[in-house]
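Here are the chains, one letter per residue:
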Amino acid sequence: MSFARPSVALLGATGSIGTQTLDVLRSQLGAFELVSIAGGQRVGELAAIAREFRVGRIGVLADADREVLADLVSDDVDIVVGSAGLAELAASADIVVNAVVGFAGLPVTMAALGAGKRLALANKESLIAAAPLVRMARETPGAVILPIDSEHCAIHQCLASSRGEPGHPDVRRLLLTASGGPFRGWSAQRLATATREDALHHPTWSMGPKITIDSSTLMNKGLEVLEASALFAIDVERIDVVVHPQSIVHSMVEYVDGSIIAQLSKPDMRLPIAYCLGLPGRLDHAWGEIDFTQPLELTFEKPDREAFPALALAYSAARRGGAAPAWLSAANEVAVEAFLADELAWSDIVATVAAVMDLYVDDPLDSLEDLVENDAVARQLAHGILKKQP
Ligand code: NAD
Ligand code: MG
């Protein structure tokens, strides 16, 4: 007797989450079938992954990439292009891993949910920007979002103690942990001297450049507050951030009876990825094991909201709702790109986002077209503000 293996689409296959997903698949040979991959660049790497896993369909950014790739893979590989290609791949697998970075991941999220698939979501930006639309798309029979983001994956596990009623009446609050990033404890004066190299040096996690910069400004944690609110349908006033420099406790749920349930492991994204692939069971391969025969220090402190204003900006965007989170995320993407290109000082990343948010006018966000337009406007405003920088 043979059982069909779940098929997997891995979109954003060449990045940090993408390559760690491949590690998990290698640890489970024969359990999953990787049917499609996609990436923004590094066509040669896509070809190598396709050969190793005998992948039949590949998504690339542009027609020029398709031509390069066609020479590197066998003739029977189907190559699709652009965001329409991403959406096509996302609608045709049992499990869709969205490991694309930024707003470019939106077609993956919407197509996977629209087709009633399991969405293993690393791409927080799409969920944050499209929250009202995602809420509707999740109603599609079969559609489910499982969070790869380690904090949200932890909360997903901690919520197993909840009765799961709408509004989570037995949950007092979600406690998102934050490493604090490379600048934890830095004064505002010292932060003014922060360089790109300082910001790219994360103390506990090794990740792609965008999220690493987001971690240095705490915008990543701000985005994660919005992500948690959208994922678990819980108001941001019941979500708190706790700095935990060791990144061992990945997040916690506090219940109304005072009980706190936490999820622990060493920082290793392959654990949450494996959780999202394996549910309802657990894949039999341990990642991030803790050795309790060695001393283990777990400390907690409150975030410095003055030195890191990104947190307050995110809470404020959440309270405004509608397209405000989309603006926050779009402006942040533009500012982070400028910082990575050495065109902006570190402290001006969040200042740019704040300046864009000052211009936001309430929009309830009722369609995908509306979202794409809001994203474009916020980007344009951010670019305009950047041009005025000295
Ligand atoms: P990364 O920069 O390492 O990889 C991004 C991937 O997306 C690459 O494969 C790239 O080719 C692809 N890509 C970029 N633009 C694309 C486009 N237009 N079309 C198709 N593919 C495109 O980023 P990452 O660190 O792996 O992060 C991916 C997502 O996961 C982000 O949303 C991030 O916030 C989230 N996340 C990452 C981590 C981590 O540990 N890296 C942890 C939690 C959440
Ligand atoms: Mg995270």
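Calculation criteria
- Residues numbered from 1 in each chain as written.
- Chains lettered and ligands numbered in written order.
- Predicted model: local features only at pLDDT ≥ 70, side-chain atom pairs only at ≥ 80, totals over all residues.
- Heavy atoms only, no water.
- Domains from an automatic or database assignment.
- Contact = heavy atoms within 4.5 Å.
- Buried area = accessible area lost by both parts, 1.4 Å probe.
- Salt bridge = Lys/Arg side-chain N within 4 Å of Asp/Glu carboxyl O.
- Polar contact = N/O pair within 3.5 Å; in protein donor to acceptor, adjacent residues only side chain to side chain.
- Helix = DSSP H or I, 4+ residues; strand = E, 2+ residues; numbered from the N terminus.
- Buried < 20%, exposed > 50% of the residue type's maximum accessible area, 1.4 Å probe, protein only.
- Near = heavy atom within 4 Å.
- Areas by Shrake-Rupley, 256 points an atom, 1.4 Å probe, with all protein chains shown as cover.
- Pairing = 2+ DSSP bridges.
- Axes fitted to C-alpha atoms, helices over the stretch in contact; angles between N-to-C directions.
- Donors = N, O, S within 2.8 Å, 3.2 Å for Na, K, Ca; no water.
- Arc of directions from axis to C-beta.

Examining the domain arrangement of the protein chain
Size of an interface: often given as the accessible area lost when the parts come together.
So, step 1. In terms of domains, the protein chain is made up of domain 1 (7-147) and domain 2 (154-320).
So, step 2. Computed over C-alpha atoms only, the centres of domain 1 and domain 2 are separated by 25 Å.
So, step 3. Each partner contributes to the interface: domain 1 provides 24 residues, whereas domain 2 provides 28 residues.
So, step 4. Across the interface of domain 1 and domain 2, roughly 2,200 Å² is buried in total on both sides, 69% from carbon and sulfur atoms.
So, step 5. For the interface between domain 1 and domain 2, the tally reads three salt bridges.
So, step 6. Note that Glu 224 and Lys 124 form a salt bridge whose closest N and O atoms lie 2.9 Å from each other.
So, step 7. Taken together, the connections running from domain 1 to domain 2 amount to nine residue pairs in polar contact (both at pLDDT 80 or more).
So, step 8. In terms of residues, the side of domain 1 that touches domain 2 owes the most to one element, helix H1 (residues 16-26), which gives seven residues.

Quick word on the side chain of Asn 220
So, step 1. Relative to the assigned elements, Asn 220 resides in helix H12 (residues 219-232).
So, step 2. Taking relative accessible area as the criterion, Asn 220 reaches 7% and is therefore assigned buried.
So, step 3. At 2.6 Å, the side chain of Asn 220 and the side chain of Lys 124 are in polar contact.
So, step 4. Setting aside its immediate chain neighbours within four residues, Asn 220 contacts Lys 124, Ile 211, Asp 214 and Ser 215.

Quick word on the site of ligand 1
So, step 1. Near ligand 1, the surroundings consist of 25 residues, among which Thr 14, Ser 16, Gly 40, Glu 125 and Gly 208 are the closest.
So, step 2. Here Ser 16 contributes a backbone N or O atom positioned 2.9 Å from an oxygen atom of ligand 1.
So, step 3. Contacts to ligand 1 include Ile 17, whose backbone N or O atom sits 2.9 Å from an oxygen atom.
So, step 4. Considering ligand 1 on its own, with 830 Å² of exposed area, one finds that the protein chains cover 87% of that surface.

A word on the sheet that holds strand E3 (residues 57-60)
So, step 1. Taken in spatial order, the seven strands of this open sheet run E4-E3-E2-E1-E5-E6-E7, and their pairing is parallel. If you trace the sheet from one side to the other, it starts and ends with strand E4 (78-81) and strand E7 (144-147), each paired once. Taking the axes of each pair of neighbouring strands and ignoring which way they run, one obtains an average angle of 20° across the sheet.
So, step 2. Looking at chain direction, strand E1 (residues 7-11) and strand E5 (residues 95-98) are connected through four bridges and run parallel. Bridging from a neighbouring strand, Leu 11 pairs with Asn 98 of E5.

Side note on the coordination of the magnesium ion (ligand 2)
So, step 1. Coordination of the magnesium ion (ligand 2) by the protein is provided by Asp 149 (OD), Glu 151 (OE) and Glu 224 (OE), with metal-donor distances spanning 2.1 to 2.2 Å.
So, step 2. All donors of the magnesium ion (ligand 2) come from a single chain, and their spacing in sequence reads D-x1-E-x72-E. With Asp 149 in the loop between E7 and helix H8 (150-158) and Glu 224 in helix H12, this pair connects stretches of sequence that are 75 residues apart.
So, step 3. According to the relative accessible area criterion, Asp 149 is buried, its value standing at 7%.
So, step 4. Exposure remark for Glu 224: the relative accessible area of 1% places this residue in the buried category.

Re helix H16 (residues 347-357)
Side chains of residues three or four places apart in an α-helix project in the same direction, reflecting 3.6 residues per turn.
So, step 1. Residues of H16 that are buried: Ile 349, Val 350, Thr 352, Val 353, Val 356 and Met 357. With its buried residues spanning 150° around the axis, H16 presents them on a single face.
So, step 2. The secondary structure elements touched by the buried residues of H16 are helix H11 (209-217), H12, helix H14 (310-320), helix H15 (324-340) and helix H17 (368-387).

Concerning unusual backbone geometry
So, step 1. Cis geometry marks the peptide bond from Leu 279 to Pro 280, where omega comes out at 15°.
So, step 2. Assignment of secondary structure puts Pro 280 in the loop between helix H13 (270-278) and H14.
So, step 3. With phi around 50°, Arg 54 is a residue other than glycine that occupies positive phi space.
So, step 4. Along the polypeptide, Arg 54 turns up in the loop between helix H2 (43-53) and E3.
So, step 5. By relative accessible area, which is 76% here, Arg 54 ends up exposed.
So, step 6. The phi dihedral of His 168 is positive, around 45°, even though this residue is not glycine.
So, step 7. The residue His 168 is located in the loop between H8 and strand E8 (171-178) in this model.
So, step 8. Since its relative accessible area comes to 12%, His 168 is described here as buried.

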